[in-house]
Amino acid sequence: YIPLQATYSGTLEEATFDLQRQIRDFFESRDTDLRDPKVSLLLGDAGSGKSVFIRQLHQQLCKDFKPDDPIPLWIPLPELDSPF
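Residues numbered from 1 in each chain as written. Predicted model: local features only at pLDDT ≥ 70, side-chain atom pairs only at ≥ 80, totals over all residues. Heavy atoms only, no water.

*Asks:* Please provide a residue-by-residue account of the side chain of Q20, values included.
*Replies:* Structurally, Q20 can be placed in helix α1 (residues 19–28). Look at Q20 and you get buried, because its relative accessible area is 17%. Excluding its chain neighbours within four sequence positions, the residues that come into contact with Q20 are F53, Q56, L57 and Q60. (Helix = DSSP H or I, 4+ residues; strand = E, 2+ residues; numbered from the N terminus. Buried < 20%, exposed > 50% of the residue type's maximum accessible area, 1.4 Å probe, protein only. Contact = heavy atoms within 4.5 Å.)

*Asks:* How would you explain the pattern of salt bridges if you had to name every residue and give the values?
*Replies:* Evaluation of the coordinates by the stated rule reveals 2 salt bridges. Among the ionic pairs, D25 bridges to R21, the shortest N-O distance being 2.8 Å. Remark: R21 and D25 occur in helix α1; sequence separation between them is 4 residues, near one turn of the helix. Residue D64 pairs with R24 through a salt bridge whose shortest N-O separation is 2.9 Å. Placement of D64 in the segment after α2 (50–63) and of R24 in helix α1 is noted, with a sequence separation of 40 residues between them. Its relative accessible area of 29% is what places D64 among the partly exposed residues. (Salt bridge = Lys/Arg side-chain N within 4 Å of Asp/Glu carboxyl O.)

Scope: geometric values only; no functional claims are made or implied.
Below is the structure:
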């Protein structure tokens, strides 16, 4: 697995960052109200590694899980008969 590098806007001129670290920091920060859930949208070209990245991130979150942490849940929508 090669860790993904990302940008906020998708422009080639923008500096890249480590996507896994940024996503983990985003979801681990506790500075928001629990009634206002955090949501992140991951966009990329077909074949850019989004699905592989999410599977790897989910595995890592499950491995690092502690009792007071939110439960990492991954639902592969394309595999459901009726995802809606």
